[in-house]
Structure formats: C-alpha cells, structure tokens
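Okay, here's what each chain looks like letter by letter:
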Amino acid sequence: MDAMKLLILSDSHGEQEFMQLAVRRERPDAVIHLGDHCADADRLAEEFCGLPVLSVRGNCDLWGPPRAETLLRTFEGVRIFGTHGHRYGVKQGLLRFSLAAQEQQAQVALFGHTHIPYCRQEGGLWLLNPGACGGRAPSCGIVTVDGGKAVCCVKDLLLEETL
C-alpha cells in the first residue's frame, strides 16, 4: 500500500489562493485545517470534491457552524492530535500542548496560532505547526504516514522548499 499524505493548513484568514496551490501541488489524501477561518476549509472541500477536509475552530472562528476545538484521528495506524493552539498557550511554550497530545497517546501533534512554522520530533512525538497559509510567507505542513509511522515537514508555498 502507498503512503498516505496529509496536508496541514492553518491561519488562512480568508485567503484561499495558497490553500488551493498547496492542494494542487501536494495532491494529498486528506487535508487538516487548524483554524482561524475554518470556513476556508469548507470552501476548499467544495473546490476539491471528494477530498476529505477536516478542521478545528481557532480563536478567530467566532461565527459559522459549531466546530470542535480539537481533533483526534488515526490514519493508517498513526494517532494524530490537532488543535489551533490558543487554548494550550502555544505562544508561550509547547509543554502544555505536548502533554495534552501525550495524554491522547498521539504520535503527531498539530497546532497553529503562532503563524511560525515548526517541525520537530521530541521523544517519539512529532510537533508540527504548518505556519500560516494566508499572509506574506505562506507555508503548509505535510504528514506522510506509512507502515504505522509518520514523517513530518513544513513547506514554503512561495519557494516550493521544505523548511
């Protein structure tokens, strides 16, 4: 079986262009949007019919349909925990967020909110912030799942480079 590719987006703030570019370029099996204008995730799902698009609510998502603040899903044997990050104080540090992901027995922990790309594996847990897909330095995250293991990276959408 081929590896599964997840496209991770966050903080689009109403800008669709780079989200669509990321989907066309990466050809993911699914998309996870980590909030701050999750209505953009709904539009992306409409634009790319049949592509599964999951999303969580961010601190700027005050209107629209109710949406969960966290996501916990298993893809090909890899448990993924995702949230926008504001409720876990990610701008002050990642300890609370990491502990929450570990409590959920996640192998991958996804967050946004800071607009700063971040990708590190610490003690068997991948921590990934895709940065902001809207704005001056648009980026996205990629989680590749294969054989019950995950590999994560962040890509610059202007340069087609892995950060």
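Our subject is the structure listed above.
The following refers to the structure shown. (Residues numbered from 1 in each chain as written. Predicted model: local features only at pLDDT ≥ 70, side-chain atom pairs only at ≥ 80, totals over all residues. Heavy atoms only, no water.)

Quick word on helix α2 (residues 39–47)
Restricting attention to buried positions, one finds in α2 the residues Asp40, Ala41 and Leu44. Angular distribution of buried residues about the axis of α2 spans 100°; they occupy a single face of the element. Summarising the contacts, the buried residues of α2 are in contact with β1 (4–9), α1 (17–26), β2 (30–33) and β3 (53–55). (Buried < 20%, exposed > 50% of the residue type's maximum accessible area, 1.4 Å probe, protein only. Helix = DSSP H or I, 4+ residues; strand = E, 2+ residues; numbered from the N terminus. Arc of directions from axis to C-beta. Contact = heavy atoms within 4.5 Å.)

A short note on the pairing of strand β10 (residues 149–156)
Here is the key point about a regular strand: its side chains alternate between the two faces of the sheet. Bridge count between strand β9 (residues 139–146) and β10: eight bridges; the pairing is antiparallel. Counterpart to threonine 144 in the pairing with β10 is valine 151. (Pairing = 2+ DSSP bridges.)

As for the side chain of serine 10
Its location among the elements puts serine 10 in the loop between β1 and α1. Serine 10 has contacts with Leu34, Gly35, His84, Gly112, His113, Pro130, Gly131, Ala132 and Cys133, leaving out every residue within four places of it along the chain.

Thoughts on α1
When α1 is considered as a whole, its buried residues turn out to be Phe18, Met19, Gln20, Ala22, Val23 and Glu26. Phi for arginine 27, located one or two positions after α1, is positive at around 50°.

Some details on unusual backbone geometry
If you check the backbone angles, arginine 27 has positive phi at about 50° while not being a glycine. Mapped onto the elements, arginine 27 comes out in the loop between α1 and β2.

Read these as spatial facts, not as claims about activity.
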